[in-house]
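# Coordinate inspection notes
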Amino acid sequence: MDIAAIFRAESGRSVATLVRLFGSIDIAEEAVQDAFAVALERWPADGLPPNPGAWITTTARNRAIDRLRRESSRHDRHAQAALLSAASEKYESEPIEPVGPVSDDRLRLIFTCCHPALAPEAQIALTLRLLGGLQTPEIARAFLVQEATMAARLTRAKKKIAAANIPYRVPGDAELPDRLKPVLAVVYLIFNEGYTASSGDDLIREDLCGEAIRLARLLARLMPDEPEVLGLLALLLLTESRRAVRTAVDGSLVLLPDQDRTRWDGELIAEGQTLVRACLRRNQPGPYQIQAAINAVHSDSPTAADTDWGQILALYDQLLAVSPTPVVALNRAVALAEVKGPAVALAAVDDLDLGAYHLFHSIRADLLTRLGCHADAATAYDAALALASNAAERSFLEGCAVAARQRAS
Amino acid sequence: MTQYLMAVYMVEGEAVPADDVIQQMYKDVDAFNQEIQAAGKWVFGGGLQPADIATVVKAQGGDVITTDGPFPEAKEQIGGFWIVNCADLDEALALAGRASRACQAPVEVRPFQDEPEA
C-alpha cells in the first residue's frame with residue numbers, strides 16, 4: 001500500500017475543502033498532514049478505507065477541530081467556538097455529490113493560489129503545494145532554488161493571502177478572462193513538471209500529469225466558451241497520448257520520429273482532436289490552441305515521414321506572432337529544418353539568446369550533426385549535458401555525445 | 001471586512017501637469033469620493049502637501065529629535081491617500097484601479113493589521 005502516493009493524489013481535494021471550512025490555509029495544511037500521520041499508523045493494520053479521499057477529509061477536519069479546541073486559550077475561546085460551529089455547520093450541510101463544477105473547492109483554491117496580487121513564481125509554488133500535494137523540497141527542485149528560499153516564498157504567499165484578505169472564490173464573469181491567464185499558465189507548468197520532471201530518475205511523474213489534466217478538464221467544464229481553456233486541455237491530452245512510448249523499457253528517451261505510433265493512446269488523441277476542431281470553428285486563436293493544433297498535426301500522421309511539416313511551420317509562424325518568445329522560436333526552428341533544411345534552421349537558432357537552456361544546445365547539436373559538423377555537435381551535446389538534470393534526458397544526450405565524437409574522429 | 005490603505009504615489013520633481021489636466025483630476029477624484037462615500041466604503045481620504053514640507057520627529061532615549069524633510073529619501077513619495085472598508089482584496093483592487101484612473105498616478109493597496117484582541 002503506497003500511502004504517500006494515495007495522499008498526494010487526494011490531499012488537494014481535502015486541503016481545498018478544509019480551507020473553505022476553516023478559512024485558513026495553514027489550519028487546512030496542518031490538519032491534512034495530521035491525517036496523513038494517522039493513516040500511516042492505521043491503514044497498514046486496518047486496510048485501505050473504502051473511500052480514502054473522504055476518510056482523509058473527515059479525519060483532517062476532526063483533527064483540525066481537536067487542535068483548535070486544544071489550542072484555544074481563555075480569551076479567544078469565544079472566537080474559536082464560533083469558527084468551529086461555522087465549520088461543522090458547513091460540513092454537515094454539505095451535499096454528498098458536488099452540485100456543479102463551480103462547487104469544486106479545488107477550483108476556488110486554484111483561483112486563490114493564482115491571484116494576480118501574488119508573484120507568478122509564488123502562484124505556481126502554492127498550486128503545486130496545495131493542489132498537487134507536492135512537498136516543498138520537490139517544488140524547490142522543480143524551480144532550481146534552495147529549499148529554504150522556496151519555503152520562505154510559500155510562507156510569504158500564504159501570509160499575504162491571509163493578511164490582505166485575498167478571497168476564496170471563483171471570479172465573476174467580468175474578471176474571469178484576466179484571472180484565467182495565470183491559472184492556465186500554472187496548470188500547463190504543472191503538466192510539464194510531471195511530463196519531464198526537472199531532476200531525478202523518473203522521466204515522467206504520472207500523478208502530476210494526471211492532476212494537470214484533471215484541473216484542465218474542470219476548467220473546461222466550468223468555462224466551455226473559453227477557447228484557450230479548451231486549447232490547453234487539448235494540448236495536454238495530445239501530449240499525454242504519447243506518454244507510454246516516450247520512454248523505452250529501460251527508461252531511456254524515445255524521440256517523436258522513433259516512437260511506435262500504433263501505441264499512441266487513440267482515445268486521448270480523438271478527444272484532443274475533437275477539441276482542436278471545436279477551437280478552429282470558434283476562430284479565436286491563442287497560444288494554447290495553436291500548440292494543440294501543432295500536436296494534432298503530429299497525431300494525424302501514421303508515420304514520421306508523413307508529417308505535414310509545412311502546416312506545422314505555418315502554425316509555428318502563427319504562434320510566434322501571438323507569443324514572440326525565444327523558446328517558441330527555438331521550437332519553430334525544428335519545423336524550419338524539415339521544410340527548409342538544417343542550415344537555415346541553424347542560422348535561426350544561433351540568433352537566439354538561450355544559452356542557459358539545455359534544449360537550445362541539444363537542438364543545435366542535432367542540426368550540426370545533420371550538417372556533418374560532428375566535432376561542433378559533440379561540443380554542443382556537452383553543453384546540453386552540463387545543463388540537463390533529468391536522468392533519462394542525460395543518458396540520451398551522453399549517447400549522442402559519444403556518437404558525435406566517434407563520427408568526428 | 002478589511003480596512004485598506006490606498007496610497008497615491010507621486011514622483012517628486014516631475015513637471016506639474018497642465019491646468020486643464022489638473023482640473024479634470026479634481027473633478028474625477030471628487031466624483032470617485034462621492035461614490036465611495038455613498039457606497040459606505042469611505043473611511044478617510046485626502047491629498048498631501050509635497051514631501052519637502054514634511055518634518056520627522058523621533059523619540060530617542062530621553063530626547064525627541066526633530067528633522068526637516070521626509071523620512072525616506074526616495075524619489076517616489078505619497079501624494080495622498082484613502083482609507084476604505086472592503087469585503088476583500090478583489091474589491092479593494094477594483095477601487096484602487098478606479099482611484100488610479102481618477103488621480104492619474106499609481107496606487108498602492110495595503111491592508112491594515114487586525115486590531116489586537118482586548
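Residues numbered from 1 in each chain as written. Chains lettered and ligands numbered in written order. Predicted model: local features only at pLDDT ≥ 70, side-chain atom pairs only at ≥ 80, totals over all residues.

## A closer look at the overall build of chain B
The test is simple: Each helix corresponds to a stretch of at least 4 residues labelled H or I by DSSP, and each strand to a stretch of at least 2 residues labelled E; elements are numbered beginning at the N terminus. Contact criterion: two residues are in contact if their C-beta atoms, reconstructed from the backbone, are within 7 Å.
When helices and strands are tallied, chain B shows two helices and six strands. The order of α-helices and β-strands along chain B, N terminus first, is β-α-β-β-β-β-α-β. Each principal axis of the C-alpha atoms in chain B carries an extent, and together these give about 50 × 45 × 20 Å. A separation threshold of at least 6 residues defines the contact pool for chain B, and within that pool the share at least 24 residues apart is 75%.

## As for the overall build of chain A
Note the following rule: Backbone-placed C-beta atoms define the burial measure: a residue is buried with 20 or more other C-beta atoms within 10 Å of its own, exposed with 12 or fewer, and partly exposed in between.
The helix and strand inventory of chain A stands at 19 helices and zero strands. Sorting the 409 residues of chain A into buried and exposed places 41% on the buried side. Partitioning the contacts of chain A with sequence separation of at least 6, the portion at a separation of at least 24 is 62%.

## Topic: helix α16 (residues 342-350) of chain A
A turn of α-helix holds 3.6 residues, and therefore any two residues three or four places apart point the same way. All names here are of chain A. Put simply, the test is: Read the arc as the range of directions from the helix axis to the C-beta atoms.
Among the residues of α16, Pro342, Ala345, Leu346 and Val349 are the ones counted as buried. Across the axial projection of α16, the buried residues extend over an arc of 100°, all falling on one side. Buried residues in α16 make contact with α15 (326-340) and α17 (358-370).

## Focus: the interface of chain A and chain B
How big an interface is tends to be expressed through the accessible area that disappears when the partners come together. Inclusion rule: For this scheme, ten residues count as nonpolar: Ala, Val, Leu, Ile, Met, Phe, Trp, Tyr, Cys and Pro. Four count as charged, namely Asp, Glu, Lys and Arg, and the remainder, Gly too, count as polar.
Taken together, the contacts link eight residues of chain A with seven residues of chain B. A per-class count over the side of chain A that touches chain B returns five nonpolar, two polar and one charged.

## Overview of the confidence of the model for chain A
This is how the line gets drawn: The predictor's confidence in any single residue is recorded as pLDDT, a number from 0 to 100.
Looking at chain A, pLDDT values average 88 and 89% of them are 70 or higher. The low-confidence segment residues 95-102 of chain A, where pLDDT is below 50, has eight contacts with residues more than four positions distant or belonging to other chains.

## Description of the environment of Thr127 of chain A
Residue and element names in this part refer to chain A. Topologically, Thr127 is positioned in helix α6 (residues 120-130). Given 28 C-beta atoms within 10 Å, Thr127 falls into the buried group. Along the chain, Thr127 and Val254 lie 127 residues apart, while their C-alpha atoms are 30 Å from each other. Ignoring any residue separated from it by four or fewer positions in sequence, one finds Thr127 in contact with Ile110, Cys113, Cys114, Gly132, Val186 and Ile190.

## Some thoughts on unusual backbone geometry
Residues and elements named next belong to chain A. Even without glycine at this site, Asn283 takes up a positive phi of about 55°. Position of Asn283 among the secondary structure elements: in the loop between α12 (266-282) and α13 (287-300). Of the residues examined, Asn283 has 8 C-beta atoms within 10 Å and is grouped as exposed.

## Examining the nonpolar core
Using the following cut-off: One nonpolar core equals one set of buried Ala, Val, Leu, Ile, Met, Phe, Trp, Tyr and Cys residues connected by C-beta atoms within 7 Å.
The biggest cluster of nonpolar side chains holds 127 residues, and the ones touching the most others in it are Leu18, Val187, Ala212, Ala234 and Tyr381 of chain A together with Met6 of chain B. Looking at this core element by element, the count peaks at nine residues for helix α11 (residues 227-240) of chain A. Apart from the residues within four sequence positions on either side, Val187 of chain A is in contact with Ala212, Leu215, Ala216 and Leu232 of chain A.

## Thoughts on the confidence of the model for chain B
Confidence in the prediction of chain B, expressed as mean pLDDT, is 92, and 97% of residues score 70 or more. This complex was scored by the predictor with a pTM of 0.76 and an ipTM of 0.82.

## As for the sheet that holds strand β1 (residues 2-11) of chain B
All names here are of chain B. So the rule is basically this: The pairing criterion is simple: DSSP has to find at least two bridges between the two strands. For every element, the axis is a line fit to its C-alpha atoms; helices are fit only across the contacting stretch, and the angle between N-to-C directions ranges from 0 to 180 degrees.
Spatially, the four strands line up as an open sheet ordered β2-β5-β1-β6, and their pairing is antiparallel. Unpaired on one side and paired on the other, β2 (42-47) and β6 (107-111) mark the two borders of the sheet. When strand polarity is set aside, the average angle formed by the axes of neighbouring strands in this sheet is 20°.

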